[in-house]
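A closer look at the structure
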Amino acid sequence: MEGRVNYSGLVIASVGFFLTRFTVTLAVYDDPVRFYLVGVVPLALGLGLAAFGVALTVADVEPVLVRTTARWCVAGTGAMLVLVVLTLLGSTAGDTALASVRSQSHLSNFLIGGGVGGTLTGLYAARTHRHRGELVRQAHRLEMLNRLLRHEVLNAVTVIRGYAALGVDDHPSAGSVIERRSDAIERTIEEVKYLTRSETRAGVSNRSLGLEPTVTASADAVRERHSRADVSVEMTPEAAAARVRAGERLQHVFDNLLENAIVHTASSTPTVEVVASATSATVRVSVRDNGPGLPERQQALVETGDIGEFDDPRSGFGLTVSRFLVESYGGGIEVDVDGSGTTVTVVLQRTDVEDTGFGALHADTGVRPAIPHLVVTFLAALVAGVGYGFVAESLGGSVAAIGVFYGIDDPFVGWYTHQFHSVVFAFGFAGLVSLLPSRFRNDIPVYAAVGIAWGVFIWLVAAGVVAPVWLRLIGIPASVPNLSATLLANHLVWGASLGVFTAWGYTNLAPRLAQFGR
């Protein structure tokens, strides 16, 4: 699952969970009024932090954001722990001071505050880092455009001046040369205008385009220019039918990649393979050649956009333009060089899956529901949790007793922690349904079936084994495993309702949330 799950989010979830467990254990020693005043807010913050960490684990967000947030969460908790320890060591009351801190839950509150504060700081730091990266990319783009203008326009102007000084009798082809150079200047200016516009307007003009016609047209055009080249196109049925978010220059992207693959192949019969595949939210178009491999400098230019200090502005220009265009479409470009050649892969967002409720994801496959879908999952989990609670109460159980796991048998703590469990497990469910083939997306019966299966799994593992072991660890006798029919009924209701409400929400609510976010 590497690359599909943001494991750093589990660090945040662990910090929030264990600090919350510590909080309620301390707060139980206080009277009820003090517990609600001092313990409820840290309880809500801690469990909220834990649920947020689980959401980041499966969410379609940049891994660097999650890693940065996790580091700051740990740093904030650690800094607050050091501060508290230094305060205790500097106290003259000794054990009395420690007992006072313990009885008043101040220690746990401080630690949770440090964890939450660190997490918020991490989110801000990640956002700043992303903004700084965008500024660097803009600087690279401007540098490339500047060098292109200097090279193309100034060279063309020099040639035009030279031929303009010649008479027609001296050089009969002067007029045609001047015309070609003038056309080159015009094309360069149009290219610069488009790239500048796509940067400033942030892809506003992007629309939904069919992938197969674009790739086929590009391959045909390159075959006409290079008859000696063997250009093959292979597309999966789903990729051939897919529509992608792109602009009018999408074919220009593939023209550049194919042209580069052929021109830089030393073989007399260059072989270029175009392979396209699709996932639930993206398409991947790979262009592979049998050449000597893309030079490291140009490979870094495509992957990072760093222009470097080389003098020739045309070196890697086509690949650089392709990268800028793909990024303006909200996609990405990857380079893989091995002993048999170079593979450049373009990743584009699908638009034909929006009607299923799944928006375009950055991840190419697997777990990674988008933010609107996590919001829908959160709401569905709350509803499913209430359904679980009503069934449990009607069958003689007590949701309030769940608070025992956190140190206190209190109705509020019981219901709050129960809903917390519902949300966390629901985020796992969101990751599972994101793995379903596209033909099953948002199908209510299918989602209900997956929810029921997920509920049975939780009943077997979480309720049947983890829960009784947890009770034993806190000194409460419990049989292992504890697979009662009542708990099974509760989890079946929970899973079925979660699946139904999630499928409905993905179809009807998630697209509206996505539109609101845009």
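**Focus on the overall build of the protein chain**
Helix and strand counts for the protein chain come out as 16 helices and seven strands. Across the 518 residues in the protein chain, those meeting the buried criterion constitute 46%. Relative to all contacts within the protein chain whose residues are 6 or more apart in sequence, the contacts with residues 24 or more apart total 77%. Taken as a whole, the protein chain presents about 24700 Å² of accessible surface, with 62% of it coming from carbon and sulfur.

**Some words on the sheet that holds strand β5 (residues 282-289)**
Ordered by their spatial adjacency, five strands build an open sheet running β2-β4-β5-β7-β6, and the pairing between neighbours is mixed. Pairing within the sheet leaves two strands with one partner each, and these edge strands are β2 (230-235) and β6 (332-338). Between one strand axis and the next, the sheet turns through 15° on average, direction left out of account. Pairing geometry for β6 and strand β7 (residues 341-349), over seven bridges, is antiparallel. Across the sheet, residue Ile 333 finds its bridge partner in β7, namely Val 346. Packed on one face of the sheet, helix α7 (residues 211-225) meets β2, β4 (271-278) and β5 and runs near 170° to β2.

**Description of the pattern of salt bridges**
Under the counting rule described, the total for this entry stands at four salt bridges. Across the pair Asp 220 and Arg 223 runs a salt bridge whose closest N-O atoms are separated by 2.8 Å. Here Asp 220 and its partner Arg 223 are both found in helix α7, three residues apart, which amounts to about one turn of the helix. Taking relative accessible area as the criterion, Arg 223 reaches 32% and is therefore assigned partly exposed. For Glu 259, the salt bridge is made with Arg 225, and the minimal N-O distance between the two is 3.0 Å. Of the two residues, Glu 259 is situated in helix α9 (residues 250-263) and Arg 225 in helix α7; the sequence distance between them amounts to 34 residues.

**Regarding the packing of helix α12 (residues 371-394) against helix α13 (residues 411-433)**
Across the interface, α12 lies against α13 with an axial gap of 8 Å and an inter-helix angle of 130°. The angle between α12 and α13 places the two elements in the oblique class. In this structure, α12 crosses over α13, and the sense of that crossing is right-handed. Facing α12, whose interface residues are Leu 374, Thr 377, Phe 378, Ala 381, Leu 382, Gly 385, Val 386, Tyr 388, Gly 389 and Phe 390, α13 presents Trp 415, His 418, Gln 419, Ser 422, Val 423, Ala 426, Phe 427 and Ala 430. Classifying every residue of the contact of α12 with α13 gives twelve nonpolar, six polar and no charged.

**Notes on the packing of aromatic side chains**
Evaluation of the coordinates by the stated rule reveals six aromatic pairs. Relative to Tyr 416, the ring of Phe 412 has its centre 5.9 Å away and its plane inclined at 20°; by these criteria the two rings are stacked. Placement of the pair is Phe 412 and Tyr 416 together in helix α13, with a separation of four residues, close to one helical turn. Under the relative-accessibility criterion, Tyr 416 is labelled partly exposed at 29%. Judged by centre distance (6.1 Å) and plane angle (85°), the rings of Tyr 447 and Tyr 506 are edge-to-face. Linking Tyr 447 in helix α14 (residues 444-473) with Tyr 506 in helix α15 (residues 485-508), this pair joins segments that are 59 residues apart in sequence. Its relative accessible area of 0% is what places Tyr 447 among the buried residues.

Conventions used here
- Residues numbered from 1 in each chain as written.
- Predicted model: local features only at pLDDT ≥ 70, side-chain atom pairs only at ≥ 80, totals over all residues.
- Heavy atoms only, no water.
- Helix = DSSP H or I, 4+ residues; strand = E, 2+ residues; numbered from the N terminus.
- Buried < 20%, exposed > 50% of the residue type's maximum accessible area, 1.4 Å probe, protein only.
- Contact = heavy atoms within 4.5 Å.
- Areas by Shrake-Rupley, 256 points an atom, 1.4 Å probe, with all protein chains shown as cover.
- Pairing = 2+ DSSP bridges.
- Axes fitted to C-alpha atoms, helices over the stretch in contact; angles between N-to-C directions.
- Salt bridge = Lys/Arg side-chain N within 4 Å of Asp/Glu carboxyl O.
- Parallel < 35°, antiparallel > 145°, perpendicular 65-115°, else oblique.
- Left-handed = near helix turned anticlockwise from the far one by under 90°.
- Nonpolar A, V, L, I, M, F, W, Y, C, P; charged D, E, K, R; others polar.
- Phe/Tyr/Trp six-rings, centres within 6.5 Å; stacked < 30°, edge-to-face > 60°.

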